[in-house]
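# Chains, contacts and geometry: an overview
Listed here are the chains, written in short residue letters.
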Amino acid sequence: NRGVLYRLQEKYDLALSDFSKAIEINGNYAMAYYNRGSLYDDQKKYDLALADYNKAIDINPNYAEAYLVRGALYYDLGKYELALADFSKAIEINGNYAMAYNNRGVLYQDQKKYQLALADFNKAIEINPNLAEAYVNRGLLYKNLQKYDLALSDFSKAIEINRNFAEAYANRGLLYAKLKQTEKAKIDLQQAAILFLQQNNMAAYEKVMQILQKLGG
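Here the structure is a predicted model, which means the values were calculated and not measured.

### A look at the environment of Asn35
Checked against the element boundaries, Asn35 lands in helix H3 (residues 30-42). By relative accessible area, which is 8% here, Asn35 ends up buried. Along the sequence, Asn35 and Lys178 sit 143 residues apart, while their C-alpha atoms lie 42 Å from each other.

Written out as structure tokens, the structure reads:
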């Protein structure tokens, strides 16, 4: 789909034009609403994104991906019960939807429902052993439960899967710092800073640099 390609290239006006044209041609094209909603989401136009996700689901009530992205939007907006309902609906439609389990696990972790969170992260990893995000999230859960060896193992696995996963380096570095393994912490945090900078995530970059300064690195 040309519109999807434009979106990936951050040519948002061209992408919007293509998605809107597809909807004009076929008003029951659920994927076009989903794609346009994702574009609005990227642009932080949340009301427009939500309207398009709702329309996609109205047209196709079994559209698991639309429930996932709407759930993620609800999560970002602090509407946690609605997010939980959408992640659970996505799983009900597709029992092998690893990212839906991952996202629901994050929500459960926020709510301190640690056993439910762990079960969801485990299921996400069972379905997709290369889902780096799930390893990071499970690692954070293990860290909260003071199971530091398991946390380090999960952060390391995420890095093994994706060498450019800045958050994985950052979280492993922070845990090394907590464990007073300062040199290892510095190495990971420096790598995280480089990656955050490359990815133009300046807020995360500044945060990591402040921690490095405190560590003397």
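Next comes the rest of the write-up.
### What to know about the pattern of salt bridges
Tallying each qualifying case throughout the model produces eleven salt bridges. Ionic pairing is found between Glu92 and Lys89, a salt bridge with its closest N-O pair at 3.3 Å. Of this pair, Glu92 and Lys89 both sit in helix H6 (residues 80-93), three residues apart, which is roughly one turn of that helix. One salt bridge in this structure joins Arg172 and Asp188, with 2.5 Å as the shortest N-O distance. Of this pair, Arg172 sits in helix H11 (residues 166-178) while Asp188 sits in helix H12 (residues 182-198), placing them 16 residues apart in sequence. Neither residue differs from the other here; Arg172 and Asp188 are each classed as buried.

### Observations concerning the side chain of Arg104
Among the structural elements, Arg104 can be located in helix H7 (residues 98-110). Residue class for Arg104 comes out buried when judged on its relative accessible area of 15%. Once residues lying within four places of it in the same chain are set aside, the contact partners of Arg104 are Leu84, Phe87, Ser88, Ile91 and Asp120.

### A look at helix H5 (residues 64-76)
In this model H5 runs 19 Å from its N-terminal to its C-terminal C-alpha over 13 residues, within 8% of the 18 Å that 1.5 Å per residue would give. Residues of H5 that are buried include every one of Ala64, Ala66, Tyr67, Leu68, Val69, Arg70, Gly71, Leu73 and Tyr74, and no others. Those residues of H5 that are buried are in contact with H3, helix H4 (46-59), H6 and H7. A positive backbone phi angle near 80° is found at Gly78, which sits one or two residues after H5.

### A closer look at the environment of Ile194
Mapped onto the fold, Ile194 is located in helix H12. Take Ile194: its relative accessible area is 43%, and that puts it in the partly exposed class. Separated by 22 residues in the primary sequence, Ile194 and Arg172 place their C-alpha atoms 15 Å from one another.

### Some words on the packing of aromatic side chains
The tally for this structure, following the rule as stated, stands at two aromatic pairs. The interplanar angle of 65° and the centroid separation of 5.5 Å between the aromatic rings of Tyr75 and Tyr80 together place this pair among those described as edge-to-face. On the accessibility criterion, Tyr75 (24% relative accessible area) is partly exposed.

### A few points about the nonpolar core
Soluble globular proteins tend to pack their nonpolar side chains together in the buried interior. In this structure, Ala158 and Phe196 are the most contacted members of the largest nonpolar core, which totals 66 residues. Residues contacting Ala158, with those up to four places away along its chain left out, are Ala132, Tyr135, Val136, Phe165 and Ala168.

The rules behind these values
- Residues numbered from 1 in each chain as written.
- Predicted model: local features only at pLDDT ≥ 70, side-chain atom pairs only at ≥ 80, totals over all residues.
- Heavy atoms only, no water.
- Helix = DSSP H or I, 4+ residues; strand = E, 2+ residues; numbered from the N terminus.
- Buried < 20%, exposed > 50% of the residue type's maximum accessible area, 1.4 Å probe, protein only.
- Salt bridge = Lys/Arg side-chain N within 4 Å of Asp/Glu carboxyl O.
- Contact = heavy atoms within 4.5 Å.
- Expected span 1.5 Å × (residues − 1).
- Phe/Tyr/Trp six-rings, centres within 6.5 Å; stacked < 30°, edge-to-face > 60°.
- Core = buried A, V, L, I, M, F, W, Y, C linked by side-chain atoms within 4.5 Å.

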